[in-house]
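Commentary on secondary and tertiary structure
Given next are the chains, with one letter for each unit.
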Amino acid sequence: MFQNKEIKETLLQQETPLYYYDLPLLERTLDAAKQAADKRNFHIHYALKANFNDRILNIIQSKGYGADCVSGGEVEKSIAVGFPAGQITFAGVGKSDKEIILALKHRIFAFNVESIQELEVINELAGQIGEKANVSLRINPNVDAHTHHYITTGLDENKFGVPNSELEKAAAIIKNCPNINLIGLHFHIGSQITDLNVFKSLCVKVNEWKNFFEERGTYIKVINVGGGLGVDYKNPDENPIPDFEAYFDIFDKFLERTGQHEVHFELGRALVAQCGSLVSKVLYTKSGLKKNFLILDAGMTELMRPALYQAYHKIEKIGEVSPTDKVLNYDVVGPICESSDCFGKEVELPVSKRGDLIAIRTAGAYGEVMASNYNLRNEIRNYFKEN
Ligand SMILES: *Cc1c(COP(=O)(O)O)cnc(C)c1O
């Protein structure tokens with residue numbers, strides 16, 4: 001994507017570091033996911049927390065996606081950019097009273113409720129302002145997502161969801177809550193899941209829980225299976241768009257549903273990761289006894305994933321490369337005063353010098369949104385590739 005002279009010249013005109021977004025790729029990705037979902041009558045809510053850049057949100061909204069929020073701020077943002085309130089879900093283990101009231105007033109599609117106490121609070125607040133809340137119960141299905149433990153959310157030891165032992169009680173309580181309408185069940189087992197068998201296991205658990213409730217006379221209309229579909233961080237150019245057909249096919253095959261059931265998804269990373277790259281300039285090169293360092297003008301304040309969960313991102317030099325270029329192994333680091341401020345160790349790159357541009361790929365999800373101004377860093381810039 002970045003191996004040509006034109007892109008290098010264009011980007012050399014820009015102040016760095018910046019997030020580069022390939023909007024045509026974003027559109028192709030959104031179209032592929034939407035078509036694969038529509039065909040099966042599935043609904044997708046875009047998980048705002050992956051990327052809430054205005055330009056990106058506007059495009060996603062214009063394609064008819066719903067929104068999945070994890071804070072009052074995200075609920076407000078999604079309304080402001082035009083997502084219909086009737087397509088907004090709101091999850092999170094710690095919703096504050098203020099956030100709940102805000103969402104109630106907007107009459108969002110559903111609260112994904114994570115504890116009995118939260119149910120009682122929503123019921124009470126809804127009563128106070130004369131609203132009725134649609135809720136889905138978040139169930140922790142104890143399915144191992146086989147991903148990094150920091151982004152695994154569906155195991156018994158995780159903090160998410162109503163504990164299995166309390167679900168029956170939760171359903172009984174809801175029957176006595178005049179301001180709550182139970183519409184369904186919610187699951188979300190983790191992120192960056194690349195083994196589709198994991199979703200097959202999820203379907204088995206979803207069926208069990210749906211039957212559990214329906215056998216007890218609680219009708220489940222909405223089955224929300226969350227997000228988590230992974231992307232190819234190693235080969236962004238070979239696999240720019242996840243295999244949405246294969247992903248939705250698993251749910252189509254293994255979820256038991258009748259025409260009355262609605263199936264909802266909350267995809268974040270899979271929709272936005274590959275369209276974004278962090279573009280940075282080499283400030284300095286340094287060769288120690290054992291190491292060669294490339295010191296960039298971007299650091300963990302711009303892209304935290306490597307420091308936070310040792311995430312891998314492909315790193316490449318921007319501009320023309322020829323097979324005869326000499327290469328070196330570099331530790332690619334940022335300017336922040338933390339040893340974890342490192343984008344990659346022993347990365348083989350063409351020999352680089354001060355002023356060269358580096359792209360850190362697959363940074364469209366959980367990248368710009370996690371930028372901080374630690375060290376009083378400047379706000380991050382954007383460059384949008386329009387066509
Ligand atoms: C983060 C999150 C998502 C999106 O996860 P991705 O891995 O980015 O698809 C969906 N639902 C909930 C409840 C989440 O917290």
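Note that the coordinates shown come from a computational prediction; the quantities given were computed from them, not determined experimentally. (Residues numbered from 1 in each chain as written. Predicted model: local features only at pLDDT ≥ 70, side-chain atom pairs only at ≥ 80, totals over all residues. Heavy atoms only, no water.)

Observations concerning the UniProt feature "modified residue: N6-(pyridoxal phosphate)lysine" (unreviewed entry) in the protein
Short version of the rule: UniProt positions are given in the numbering used here, feature names are shortened, and annotations may be inferred rather than shown by experiment. In this text, helices come from DSSP runs of H or I with a minimum length of four residues, and strands from runs of E with a minimum of two, each type numbered from the N-terminal end. Here, two residues are considered to be in contact whenever any of their heavy atoms come within 4.5 Å of each other.
As recorded in UniProt, the feature "modified residue: N6-(pyridoxal phosphate)lysine" (unreviewed entry) lies at K49. Take K49: it is sitting in the loop between β2 (42–47) and α3 (54–62). Other than its neighbours up to four places away in sequence, K49 contacts V70, E74, Y366 and V369.

Some remarks on the pattern of salt bridges
To keep it simple, the criterion reads: Any Lys or Arg side-chain nitrogen located within 4 Å of an Asp or Glu carboxyl oxygen qualifies as a salt bridge. The rule is simple: take the accessible area with a 1.4 Å probe, protein chains only, and divide by the maximum for that residue type; under 20% is buried, over 50% is exposed, in between is partly exposed.
Under the definition given, this model contains 27 salt bridges. Residues K291 and E346 are paired through a salt bridge, measuring 3.1 Å at the closest nitrogen-oxygen approach. Highlighted residues: K291 in the loop between β10 (276–287) and β11 (292–296) and E346 in strand β14 (residues 342–350), separated in sequence by 55 residues. Using a relative accessible area of 25% as the deciding quantity, one classes K291 as partly exposed. For K314, the salt bridge goes to E316, with nearest N and O atoms at 3.8 Å. By relative accessible area, which is 23% here, K314 ends up partly exposed. Salt bridges sharing partners connect three or more residues here, namely K39, R40, E245, D249, D252, K253 and R257.

Some thoughts on the site of the ligand
Quick note on the threshold: Here a residue is near a molecule or strand as soon as one of its heavy atoms is found within 4 Å of it. Definition of a polar contact: a pair of N or O atoms within 3.5 Å, with one able to donate and the other able to accept a hydrogen when the atoms are protein atoms, and with sequence-neighbouring residues admitted only if both atoms are side-chain atoms. Surface accessibility in these figures is a Shrake-Rupley result with a 1.4 Å probe; residues are shielded only by whichever protein chains are displayed. Each residue is assigned to one of three groups, with Ala, Val, Leu, Ile, Met, Phe, Trp, Tyr, Cys and Pro labelled nonpolar, Asp, Glu, Lys and Arg labelled charged, and all others, Gly among them, labelled polar.
Around the ligand there are 15 residues in total, and K49, S191, E266, R269 and Y366 lie nearest to it. Contact between the ligand and E266: a nitrogen atom at 2.7 Å from a side-chain N or O atom of the residue. Measuring from an oxygen atom of the ligand, one finds a side-chain N or O atom of Y366 at 2.6 Å. Across the complex, the protein chains shield 94% of the 380 Å² of accessible surface that the ligand would expose by itself. The residue inventory of the shell around the ligand, partitioned by class, reads four nonpolar, six polar and five charged.

Section: the nonpolar core
Definition in use: For the purposes of this section, nonpolar cores are sets of buried Ala, Val, Leu, Ile, Met, Phe, Trp, Tyr and Cys residues that join through side-chain atoms within 4.5 Å. All the domain ranges listed were derived from an automatic or database domain assignment.
Ranked by internal contacts, the top residues of the largest apolar core, which has 103 residues, are F111, L137, F248 and F251. Here this core gathers at least three residues from each of two domains, domain 1 (5–18 + 274–385) and domain 2 (23–272). Residues contacting F251, with those up to four places away along its chain left out, are F42, F199, L202, C203, V225 and F265. Ranked by size, the runner-up nonpolar core spans nine residues in total, among them L11, V279, L357 and A359.

A closer look at α3
For the record, the criterion: Note: the arc covers the axis-to-C-beta directions of the helix.
Along α3, the positions that sit buried rather than exposed are I56, L57, I59 and I60. All buried residues of α3 fall inside an arc of 165 degrees around its axis, so they share one side. Looking at the packing, one finds that the buried side of α3 touches β1 (18–22), α2 (23–39), β2, α4 (72–80) and α10 (269–272). For α3, the N-terminal cap is N53; the gap from its side-chain oxygen to the backbone nitrogen of R55 is 3.0 Å. Two residues or fewer past α3, G64 is found with a positive phi of approximately 90 degrees.

Overview of the domain arrangement of the protein
Spelled out, the test is: By definition, the buried area sums, over both parts, the 1.4 Å-probe accessible area that each loses when the two are put together.
Taken domain by domain, the protein holds domain 1 (5–18 + 274–385) and domain 2 (23–272). A C-alpha centroid distance of 33 Å is found between domain 1 and domain 2. Each partner contributes to the interface: domain 1 provides 22 residues, whereas domain 2 provides 25 residues. Of the roughly 2200 Å² buried between domain 1 and domain 2 on both sides combined, carbon and sulfur atoms contribute 57%. A salt bridge links R361 to D237, with the nearest nitrogen and oxygen atoms 3.1 Å apart. Counting across the interface, domain 1 meets domain 2 through nine residue pairs in polar contact (both at pLDDT 80 or more). Among the residues forming the side of domain 1 that touches domain 2, the class breakdown is eight nonpolar, eight polar and six charged.

Here we look at the side chain of S191
Looking at the secondary structure, you find S191 in the loop between β7 (180–186) and α8 (197–215). On the basis of relative accessibility, which here comes to 10%, the residue S191 falls in the buried class. For S191, the side chain forms a polar contact with the side chain of R269, separated by 2.8 Å.

Considerations on the environment of I88
As for its placement among the helices and strands, I88 is situated in strand β4 (residues 88–90). Sequence separation of I88 and E114 is 26 residues, and the distance between their C-alpha atoms is 17 Å. Beyond its immediate chain neighbours, meaning those up to four positions away, I88 contacts A67, C69, V75, S78, I79, F83, I108, F109 and A110.

Here we look at the UniProt feature "active site" (unreviewed entry) in the protein
In the UniProt entry, the feature "active site" (unreviewed entry) is given for C337. Along the chain, C337 falls in the loop between β13 (327–333) and β14. In contact with C337, not counting residues within four places along its chain, are Y374 and N375.

A look at the packing of α2 against helix α9 (residues 244–254)
Under the convention used in this document: The axes used here are C-alpha line fits, helices contributing only the stretch in contact, and every angle between their N-to-C directions lies in the interval 0 to 180 degrees. For classification purposes, an angle smaller than 35 degrees is called roughly parallel, one larger than 145 roughly antiparallel, one from 65 to 115 roughly perpendicular, and anything else oblique. It is the rotation of the near helix from the far one that decides the hand of a crossing: anticlockwise by less than a right angle makes it left-handed, clockwise makes it right-handed.
Running from amino to carboxyl end, α2 crosses α9 at an angle of 25 degrees, the nearest separation of the two axes being 9 Å. It follows that α2 is roughly parallel to α9 by the angle criterion. α2 and α9 meet at a crossing whose hand is right-handed. Along the contact surface, α2 presents T29, A32, A33, A36, A37 and K39, while α9 presents F244, E245 and F248. Split by residue class, the contact of α2 with α9 holds six nonpolar, one polar and two charged.

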